Amino acid sequence: MIAFVFPGQGSQKRGMGQGLFDEVREYSAVERDVDEILGYSLRKLCLEDEGSRLKETQFTQPCLYVVNALHYYKAAGQGMHPNYLAGHSLGEYNALLAAGVFDFLTGLRLVKKRGELMSRARNGGMGAVIGLGAAMIEKVVKQNGLATIDVANFNTPSQTVVSGPVDDIKRAGPLFEKAGARMYMPLPVSAAFHSRYMADAAKTFGDFLAPMSFAAPKIPVVANVTAQPYPANNGSETIKSLLVNQIAHSVHWVQSVRFLISQGVTQFTEIGPGNVLTRSVQQIQQERDS
């Protein structure tokens, strides 16, 4: 059993998509439409990253979505067919694309809007807690009056990302380290993603999605919010609800991978630039086997 997993923000890098823009015919047919939707040359931004815009959320999301898609189209053209699909945060949109929930350009419009809305949030930050389990992190938060902090990403059994106001994210570091964290690393982001502080962005995104309709997934897609497959019934409304909730709720990546393993998945293939998810899956598998 094979699962395709698609990375999210953090995997972008200058030069990504090199060679694929011309190689993948599905892209050649719509490149002009892509640039028209975005208002800039996506190919040029990915390859040259002039002005270091790739690190800005409103540019990162459409660029990474497109490059993930290029990798997927290449894999599909080589005859690779997954039994399950999953993606980390933004990557979930590529999983839904691969499942036939929406077409390529519709997905691009979705992530463009998502990136724009998330980029408007301010005064928030995120920090990665290394070497401390999720249960202990929650205990530290409760015992130290850090009620403003939410858990954003359950990435591996030993790496969890928290979100909250910038000052509280800074204050939390020594407290996590005192409790046994091997390292605490504030992340270079502009907002508290995947937390209650994204509620306004989620609501506006919900309004944007309201008139749209989506197809049921042809391949099971594991949702970040539930760590379970998107339900097949009442497909369109459920898809919209999960995508809206994903913006302001935790990414349950550890639980998603464990679910896939429980379904018999033995091969995880990362579809996109880099190997962030490959390494996270290995850590989750090692912890399970130990």
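Above this text you will find the structure in question.
Nothing here was measured: the structure is a model prediction, and the numbers come from that model.

Caption draft 1: Local environment of unusual backbone geometry. Positive phi, close to 50°, is recorded for Asp49, a residue that is not glycine. Tracing the chain through its elements places Asp49 in the loop between α4 (42-48) and α5 (57-77). Of note, Ala227 is a non-glycine position whose phi angle comes to about 60°, a positive value. Position of Ala227 relative to the elements: it lies in the loop between β7 (221-222) and α11 (235-248). On the basis of relative accessible area, Ala227 is assigned to the buried category, the value being 5%.

Caption draft 2: Fine view of the pairing of strand β1 (residues 2-6). Taking burial as the measure, the 5 residues of β1 include 4 buried ones, the bulk of the element. Examined bridge by bridge, β1 and strand β8 (residues 267-270) share 4 bridges and lie parallel to one another. Bridge assignment links Val5 to a residue of β8, and that residue is Glu270. The pairing of β1 with strand β2 (residues 84-87) spans 4 bridges and is classified as parallel. The residue bridging Val5 from the neighbouring strand is Ala86, located in β2.

Caption draft 3: Examining the environment of Ser163 more closely. The topology assignment puts Ser163 in strand β5 (residues 159-165). Separated by 147 residues in the primary sequence, Ser163 and Met16 have C-alpha atoms spaced 28 Å apart. In this view, Ser163 contacts Gly125, Met126, Thr148, Ile149, Asp150, Ala152, Ile169, Ala192, Phe193 and Ser195; residues no more than four positions away in its chain are not counted. Here the side chain of Ser163 touches Phe193 through a polar contact of 2.7 Å, landing on its backbone oxygen.

Criteria and cut-off values
- Residue numbering note: each chain is counted from 1, following its sequence as written.
- Per-residue local features of the predicted model are confined to residues with pLDDT of at least 70, and side-chain atom pairs are confined, for both listing and counting, to 80 or more; whole-chain, interface and lining totals are unaffected and use all residues.
- Hydrogens and water are ignored here; the side-chain numbers use all heavy atoms of the structure.
- Counting from the N terminus, the helices are DSSP H or I runs at least four residues long and the strands are E runs at least two residues long.
- Each residue gets one of three labels from its accessible area relative to the maximum for its type: buried under 20%, exposed over 50%, partly exposed in between, using a 1.4 Å probe on protein chains only.
- When DSSP finds two or more bridges between two strands, those strands count as paired.
- Here, two residues are considered to be in contact whenever any of their heavy atoms come within 4.5 Å of each other.
- A 3.5 Å cut-off defines polar contacts: any pair of N or O atoms within that distance qualifies, except that in protein one atom must be a possible hydrogen donor and the other a possible acceptor, and neighbouring residues in sequence count only when both atoms are side-chain atoms.

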